[in-house]
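Inside the fold
Residue strings, one per chain:
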Amino acid sequence: MIIFGLLRESVSFALVSLATNKLRTFLSLLGITIGIFAIIIVFTIVDSLEQNLRKSVQSLGDDVVFVQKWPWTFGPDYPWWKYMNRPVPDYPELSQILEKCDGAQSAAFLVSARITIKYKSNSIERVNINCASHQYDRVKNFEIADGRYFTDIESASGRPVAVIGDVLAKALFPNQNPIGEMVKINGAKVMVIGVFKKEGESILGGSVDTEVLVPINYARSLVDIRNEDLDPQILVRAKPGISNDDLIDELTGLMRSVRKLKPRSDDNFALNQTSLISNQFDSLFGVVGIVGWVIGGFSILVGGFGIANIMFVSVKERTNIIGIQKSLGAKNYFILSQFLFEAIFLSLLGGTIGLFFVFLLTLVAGDSVGMEIVLSKSNVILGFTISILIGVVSGFVPAYGASQLDPVEAIRSN
Amino acid sequence: MQSTFKRPVLLSIVCILGFIWIVFSFPSVFSPSIKKMGDWYPALFGLIVASSFISYIGLWHMKRWGVQLFLITFFIKETILVVVQDVNFMGIFFSILFIVPMMVFYKRMDLNL
């Protein structure tokens, strides 16, 4: 109870002192506000970007290997001229993979193109169309909100059916159910049999919200599926318990035998996986995080010096009051806690304002950049921790100095 | 009130090295590497840095509570590092190197706050 009483008294002394010097209080907590704002906003942006990226990578499939012509990673010694003459993955190669690859759970052939889609007077140009073989739904992560996916017969016979994205459905069929309706894709009539569940903007692009999916056997009548510009690729998902590395090893051997490559010749295909993208982003986020940490660190350091300075001034101003308090029986720890709480309170107030500004910015920026930016619980904890820490570290020396004052000398000071 | 307990040179060196350690450790509290260890870890690490700083202030003024606080902080820090499986034997060695002179001069220190 004595401790609580002491705490209450110390806090009330501190509050009175802060309230009587409003301008000084404002200026000294400004440093901490800016520091906390700088560091927490950087961490918040980095965390949000990372979260969005992971979500996007997950939708691509983190256990999927992409057989393509070009590798995803680019280095300084990137021998692009070697890759130029490589053949693109071919549809017959898919059946070889499905037949012979033990580590593959499922695989699909995919080409992408830009088309114009029309329904009555509504028309949307440059829409991304994915033309995929039947197992695509087992390789790519997506959900169908309305309708269904292609049947085996529709895929095999190349029926003119399509699954469209949520954004397209709303744009082409306002206030109308699109299932069963006929749309025109590059002039050809195609029946809408499903609508993808809305998944939102993807940091890597290629959200299903604005895509059309048709069977590859139907797409042959629309586009040349061997055209390199359509980026033909084979997506292979690993069986549960099979690592991507094991799958890549098996696929390397298999593709080399399918393409009849000699033992000494280089691979003429690339096996890509989503970890290549996330690893590159991880290093980028690491750098951004460190830059934010350095900038925020210096701001906080300056803010800490500001608080320490103000506390020294505060002790100097109230020296005779300290003398009176001590002569009336106030213990050293009471004087110490009084000034220490003042410093912590000041710092905490600055930190809270900084966090509030970060919160406001996340609300505003979230809408304008089209990406969810969230001030996470861990960043709030970090913000408060740094504030308290700054208060303790910068306030302890002046507070301890005040507690050690001689009552007689303190009363006589001006 | 000026302290009448004169600080030995060895303890001054310990304190100065300690303050330098604080200067370098303080920014680590909010470094991305510390943050990755868990939501609670920056807070705990911050508490350790703050109490280490206070203990060095106590030592500088030749106060026994400085040594006591240093020892408590040391044991808490090492317990946490054992829990997160990040024990640094070099760190333990240097901490013990600091504790020895503190214990040697402990009896010459002031008992009061």
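Residues numbered from 1 in each chain as written. Chains lettered and ligands numbered in written order. Predicted model: local features only at pLDDT ≥ 70, side-chain atom pairs only at ≥ 80, totals over all residues. Heavy atoms only, no water.

**A look at the overall build of chain B**
Within chain B, the secondary structure is distributed over five helices and zero strands. Listing the helices and strands of chain B from first to last along the sequence gives α-α-α-α-α. A globule of 113 residues ought to have a C-alpha radius of gyration of about 13 Å, and chain B, at 15 Å, matches this closely. Along the first, second and third principal axes, the C-alpha set of chain B runs to 45 × 25 × 20 Å. For chain B, buried positions account for 47% of its 113 residues. (Helix = DSSP H or I, 4+ residues; strand = E, 2+ residues; numbered from the N terminus. Rg over C-alpha atoms; globule rule 2.2 N^0.38 Å. Buried < 20%, exposed > 50% of the residue type's maximum accessible area, 1.4 Å probe, protein only.)

**Observations concerning the overall build of chain A**
Helix and strand content of chain A: 14 helices and 10 strands. At 32 Å, chain A has a C-alpha radius of gyration far larger than the 22 Å of a compact globule built from 414 residues. Once the C-alpha set of chain A is aligned to its principal axes, its extents read approximately 100 × 60 × 40 Å. Of all intrachain contacts in chain A linking residues separated by at least 6 positions in sequence, the fraction that spans at least 24 positions is 77%. For chain A, the computed accessible surface area is about 20,500 Å², with 61% contributed by carbon and sulfur atoms. For chain A, the distance from the average site of its 37 positive side-chain charges to the average site of its 39 negative ones is 3 Å. (Contact = heavy atoms within 4.5 Å. Areas by Shrake-Rupley, 256 points an atom, 1.4 Å probe, with all protein chains shown as cover. Lys, Arg positive; Asp, Glu negative; His and termini not counted. Charge placed at Lys NZ, Arg CZ, Asp CG, Glu CD.)

**Let's talk about the packing of aromatic side chains**
Applying the stated criterion to the full structure yields 21 aromatic pairs over all chains. Seen from their ring centres, F396 of chain A and Y400 of chain A are 5.8 Å apart, and the 15° between their planes marks the pair as stacked. Taken together, the residues F396 of chain A and Y400 of chain A, both in helix α13 (residues 377-403) and four residues apart, mark about one turn of the helix. Of the two residues, F396 of chain A and Y400 of chain A, neither departs from the other in class, the shared state being buried. For the pair W40 of chain B and Y41 of chain B, a centre-to-centre distance of 5.5 Å together with 80° between the ring planes defines the contact as edge-to-face. A network of ring pairs unites the aromatic residues F19, F53, Y56, W60, F70 and F98 of chain B as a single cluster. The ring of W60 of chain B is capped by R7 of chain B, whose NZ or CZ atom sits 3.6 Å from the centre of that ring. Above the ring of Y106 of chain B, the side-chain terminus of R64 of chain B is found at 4.8 Å from the ring centroid. (Phe/Tyr/Trp six-rings, centres within 6.5 Å; stacked < 30°, edge-to-face > 60°. Lys NZ or Arg CZ within 6 Å of the ring centre and 35° of its normal.)

**Side note on the packing of helix α1 (residues 9-28) of chain B against helix α5 (residues 89-104) of chain B**
Residues and elements named next belong to chain B. Running from N to C, α1 and α5 point in directions that differ by 145°, and their axes come no closer than 10 Å. Judged by the twist between their axes, the crossing of α1 over α5 is left-handed. Contact residues: L10, L11, V14, L17 and G18 in α1; F98, P101 and M102 in α5. Along the lines of polarity and charge, the residues of the contact of α1 with α5 split into seven nonpolar, one polar and no charged. (Axes fitted to C-alpha atoms, helices over the stretch in contact; angles between N-to-C directions. Left-handed = near helix turned anticlockwise from the far one by under 90°. Nonpolar A, V, L, I, M, F, W, Y, C, P; charged D, E, K, R; others polar.)

**Structural notes on α5 of chain B**
Each full turn of the α-helix corresponds to 3.6 residues, which orients residues three or four apart in the same direction. All names here are of chain B. The end-to-end C-alpha separation of α5 is 23 Å, in line with the 22 Å expected for 16 residues at 1.5 Å each. Every buried residue of α5 is listed here: I92, S95, F98, I99, P101 and M102. Buried residues along α5 sit in contact with α1, α3 (41-60) and α4 (64-83). (Expected span 1.5 Å × (residues − 1).)

**So, the domain arrangement of chain A**
The assigned domain composition of chain A is domain 1 (2-56 + 279-412) and domain 2 (87-268). Computed from C-alpha atoms alone, the centre-to-centre distance between domain 1 of chain A and domain 2 of chain A is 54 Å. (Domains from an automatic or database assignment.)

**Some thoughts on the pattern of salt bridges**
Residue and element names in this part refer to chain A. On inspection of all chains with the given rule, the structure shows 12 salt bridges over all chains. Here R24 ties to E317 by a salt bridge, and the two come within 3.1 Å at their closest N and O atoms. Of this pair, R24 sits in helix α2 (residues 22-60) while E317 sits in helix α10 (residues 274-317); the two residues are 293 residues apart in sequence, bridging distant segments of the chain. Its relative accessible area of 18% is what places R24 among the buried residues. In this structure, the salt-bridge partner of D209 is K198, at a minimum N-O distance of 4.0 Å. You can see D209 sitting in the loop between β7 (188-196) and β8 (211-215) and its partner K198 sitting in the loop between β7 and β8, a full 11 residues away along the chain. (Salt bridge = Lys/Arg side-chain N within 4 Å of Asp/Glu carboxyl O.)

**Considering unusual backbone geometry**
With a phi angle near 50°, D231 of chain A is a residue other than glycine that sits in the positive phi range. Following the sequence through the fold, D231 of chain A ends up in the loop between α8 (216-219) and β9 (233-238). A relative accessible area of 36% means that D231 of chain A is categorised as partly exposed. Although it is not a glycine, M62 of chain B sits at a positive phi angle of roughly 55°. For M62 of chain B, the location among the structural elements is in the loop between α3 and α4.

**Section: the interface of chain B and chain A**
Between chain B and chain A, the residue contacts involve 22 residues of the former and 27 residues of the latter. Between chain B and chain A the total buried area reaches about 2,200 Å² when both faces are included, carbon and sulfur atoms providing 79% of it. Three residues, F30, K35 and L113 of chain B, lead the burial of chain B against chain A; their summed loss comes to 31% of the area buried on that side. Put simply, chain B and chain A have zero salt bridges between them. Joining chain B to chain A, the criterion identifies zero residue pairs in polar contact (both at pLDDT 80 or more). Counting residues per element, the ones that place at least two in the side of chain B that touches chain A are α1, α2 (32-35) and α3 of chain B. Per-element tally for the side of chain B that touches chain A: the top contributor is α3 of chain B, with eight residues. Of the residues belonging to the side of chain B that touches chain A, the class tally is 15 nonpolar, four polar and three charged. (Buried area = accessible area lost by both parts, 1.4 Å probe. Polar contact = N/O pair within 3.5 Å; in protein donor to acceptor, adjacent residues only side chain to side chain.)

**Quick word on the packing of α13 of chain A against α3 of chain B**
Viewed as axis vectors pointing N to C, α13 of chain A and α3 of chain B meet at an angle of 5°, and their least axial separation amounts to 9 Å. Viewed along their axes, α13 of chain A and α3 of chain B adopt a mutual orientation that is roughly parallel. Across the interface between the two elements, L382, T385, L389, V392, V393, F396, V397 and Y400 of chain A from α13 of chain A touch P42, A43, G46, L47, A50, F53, I54 and I57 of chain B from α3 of chain B. Considered class by class, the residues forming the contact of α13 of chain A with α3 of chain B number 14 nonpolar, two polar and no charged. (Parallel < 35°, antiparallel > 145°, perpendicular 65-115°, else oblique.)

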